[in-house]
Amino acid sequence: MLKVLYFANLREAIGFGAESIELPAGVATVGELHAALGTRHAALLTAKNLRAAVNQKMCGLDAPIADGDEVAFFPPVTGG
Amino acid sequence: MNAVAVQEADFDVGAEIAALSASDAEAGAVASFVGLVRGGEVAAMTLEHYPGMTEQALVEIVAQARERWEVRRVRVIHRVGKLLPGERIVFVGVSSAHRHDAFAACEFIMDYLKTRAPFWKKEQTAAGGRWVDARESDDAAAQRWQGGQ
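Observations concerning helix α3 (residues 99-116) of chain B
Working note: α-helix, 3.6 residues per turn, so residues spaced by three or four point in the same direction.
All names here are of chain B.
Point 1. Counted at 1.5 Å a residue, the expected span for α3 with its 18 residues is 26 Å, and the 25 Å between its end C-alpha atoms agrees.
Point 2. All of the buried residues along α3 are Asp101, Ala102, Ala104, Ala105, Cys106, Phe108, Ile109, Met110, Asp111, Tyr112, Leu113 and Thr115.
Point 3. Contact partners of the buried residues in α3: β2 (29-36), α2 (53-68), β4 (71-79), β6 (88-96) and α4 (136-143).

With respect to the interface of chain B and chain A
The parts lose accessible area when they come together, and the size of an interface is often stated as this lost area.
Point 1. Opposite the 26 residues of chain B that make contact, chain A presents 19 residues.
Point 2. For the chain B face of the interface with chain A, the top three residues by lost area are B:Tyr50, B:Met53 and B:Trp120, together amounting to 37%.
Point 3. The tally of links from chain B across to chain A stands at three salt bridges.
Point 4. Ionic pairing is found between A:Glu12 and B:Lys122, a salt bridge with its closest N-O pair at 2.6 Å.
Point 5. At the boundary of chain B and chain A, one finds 14 residue pairs in polar contact (both at pLDDT 80 or more).
Point 6. When contributions to the side of chain B that touches chain A are tallied by element, the ones reaching two or more residues are β3 (44-49), α2, β6, α3 and β7 (119-125) of chain B.

Topic: the pattern of salt bridges
Point 1. Taken as a whole, this structure holds 13 salt bridges over all chains when the rule is applied.
Point 2. Across the salt bridge formed by A:Arg11 and B:Glu48, the nearest N and O atoms sit 2.5 Å from each other. Remark: B:Glu48 occurs in strand β3 and A:Arg11 occurs in helix α1 (residues 8-14); the pair is interchain, linking two chains.
Point 3. Residue B:Arg130 is joined to B:Glu41 by a salt bridge in which the shortest nitrogen-to-oxygen separation is 3.0 Å.

A look at the packing of aromatic side chains
In this description, an aromatic ring pair is defined by two values, namely the gap between the centres and the angle between the planes.
All names here are of chain B.
Point 1. Within this structure, the stated rule accounts for eleven aromatic pairs over all chains.
Point 2. A cation over an aromatic ring shows up here: Arg88 above the ring of Phe11, its NZ or CZ 5.8 Å from the ring centre.
Point 3. Geometry around Tyr112 places Arg116 over its ring, the cationic atom sitting 3.9 Å from the centre.

Calculation rules
- Residues numbered from 1 in each chain as written.
- Chains lettered and ligands numbered in written order.
- Predicted model: local features only at pLDDT ≥ 70, side-chain atom pairs only at ≥ 80, totals over all residues.
- Heavy atoms only, no water.
- Helix = DSSP H or I, 4+ residues; strand = E, 2+ residues; numbered from the N terminus.
- Expected span 1.5 Å × (residues − 1).
- Buried < 20%, exposed > 50% of the residue type's maximum accessible area, 1.4 Å probe, protein only.
- Contact = heavy atoms within 4.5 Å.
- Buried area = accessible area lost by both parts, 1.4 Å probe.
- Salt bridge = Lys/Arg side-chain N within 4 Å of Asp/Glu carboxyl O.
- Polar contact = N/O pair within 3.5 Å; in protein donor to acceptor, adjacent residues only side chain to side chain.
- Phe/Tyr/Trp six-rings, centres within 6.5 Å; stacked < 30°, edge-to-face > 60°.
- Lys NZ or Arg CZ within 6 Å of the ring centre and 35° of its normal.

So, in structure tokens, the structure goes:
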């Protein structure tokens, strides 16, 4: 299983902030997961400057993912 | 006391600054920054974070500051939840032997926090809610540290 998290405007557009899914067949990177989830959550595909983290570390779309990982998608950060 | 905290509660600026140098005869300087909610058309602000990752990102930013400057104590507090204009959002305090390290480390931590720590602001105005867009000027402020001090 994968734990997938969404934050801020992405969370609002999708309608929830977390889901557990089976690792889709053929998905081995963050970018491939993004494309696979995009078929269910259009907001993932239309979001500008989307950021991602795997196991709570910022990463790029080419970062590998494996069963059991926590993957998060979110917009650029605006704290401080 | 943990160096970093993410919390809904307000903090006592005077107590935090005092704690940075309490019982430390080597501390010769304390620099601090307090970020506030600006008023104007914003009636309220809600801050969201990524529990776990946010705290870890702050710890890593503090560690990077310690590698660059001779600092003694560091304290970072960032509030989350609903905040009103004038309320405190963030505190960064640094103690050091000499002022340059405290000033520089404090500014570095704020610049990196604004671009690397997972927090998101949503403003409430008379027209409704809107998520704050990231600012290019914040990226530029963080990037200038990569060319040296």
